[in-house]
Amino acid sequence: MRNWWIDTCLEMASLDVIDSVFVDKILNPGIDGNLYDVNGDLANNYVSMLNDLYNELPDNKLLVGNTLRNEHVGAVRALMEIMDGSYIEPWDIMNSGQSEADAIAMSIQLMREALQKGKMINLQTNSSYGTEK
């Protein structure tokens, strides 16, 4: 199944009108949020699949995902090593013990970290959706 998914992404990305692959619902790499396990191997098969896709995409194509998420352990920032950027939605979801303001500040910090690494950020225009603020 992983090979089929990667091959399908590569086939679509080979079209001139396609400039990137977008992956929604990115999962945390490992339980501890790290990209690698204690043996130095990629954390799991999901991470291996994303890594394989990243390495097989042509240099002029991007791999972007709904990656950076404040509410997950480590904010999934480890996956930015194998992603060209992140879409961020909603960026005010709190993790344990955070206020909404802290969650928004952390999401902004995640964006800053990614941008400093040369990663692309696509964000929703407001911090939350479906609410009236």
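Since the model is a prediction, treat every value here as computed from it, not as a measurement. (Residues numbered from 1 in each chain as written. Predicted model: local features only at pLDDT ≥ 70, side-chain atom pairs only at ≥ 80, totals over all residues. Heavy atoms only, no water.)

Another point: the overall build of the protein. Summing up its helical and strand segments, the protein has 3 helices and 4 strands in all. Compactness check: the protein gives a C-alpha radius of gyration of 15 Å against a globular reference of 14 Å for 133 residues, within 12% of the reference. Considering the protein as a whole, with its 133 residues, one finds that 41% of them fall into the buried category. Put simply, of all contacts in the protein between residues at least 6 apart along the chain, 59% involve residues at least 24 apart. (Helix = DSSP H or I, 4+ residues; strand = E, 2+ residues; numbered from the N terminus. Rg over C-alpha atoms; globule rule 2.2 N^0.38 Å. Buried < 20%, exposed > 50% of the residue type's maximum accessible area, 1.4 Å probe, protein only. Contact = heavy atoms within 4.5 Å.)

A separate point is the pattern of salt bridges. Counted by the stated rule, this structure contains 2 salt bridges. Between Glu 71 and Arg 69 there is a salt bridge, with the nearest N and O atoms lying 2.9 Å from each other. Take Arg 69: its relative accessible area is 15%, and that puts it in the buried class. The shortest N-O distance in the salt bridge between Arg 77 and Glu 113 comes to 2.8 Å. Of this pair, Arg 77 sits in the loop between strand E2 (62-65) and strand E3 (85-88) while Glu 113 sits in helix H3 (residues 100-116); the two residues are 36 residues apart in sequence, bridging distant segments of the chain. Judged by relative accessible area, Arg 77 falls into the partly exposed class, the value being 29%. (Salt bridge = Lys/Arg side-chain N within 4 Å of Asp/Glu carboxyl O.)

With parallel pairing, the 4 strands of this open sheet are ordered in space as E1-E2-E3-E4. Strands with a single pairing partner mark the edges of an open sheet, and in this sheet they are strand E1 (20-23) and strand E4 (120-123). On average, each strand axis in the sheet is inclined to that of its neighbour by 20°, with strand direction left out of account. (Pairing = 2+ DSSP bridges. Axes fitted to C-alpha atoms, helices over the stretch in contact; angles between N-to-C directions.)

Turning our attention to the environment of Ser 107. Along the chain, Ser 107 falls in helix H3. For the pair formed by Ser 107 and Asp 41, sequence separation is 66 residues and the distance between their alpha carbons is 28 Å. Setting aside anything within four residues of it in sequence, one finds Ser 107 in contact with Asn 70 and Trp 91.

As far as function goes, none of this settles anything; it's purely spatial.
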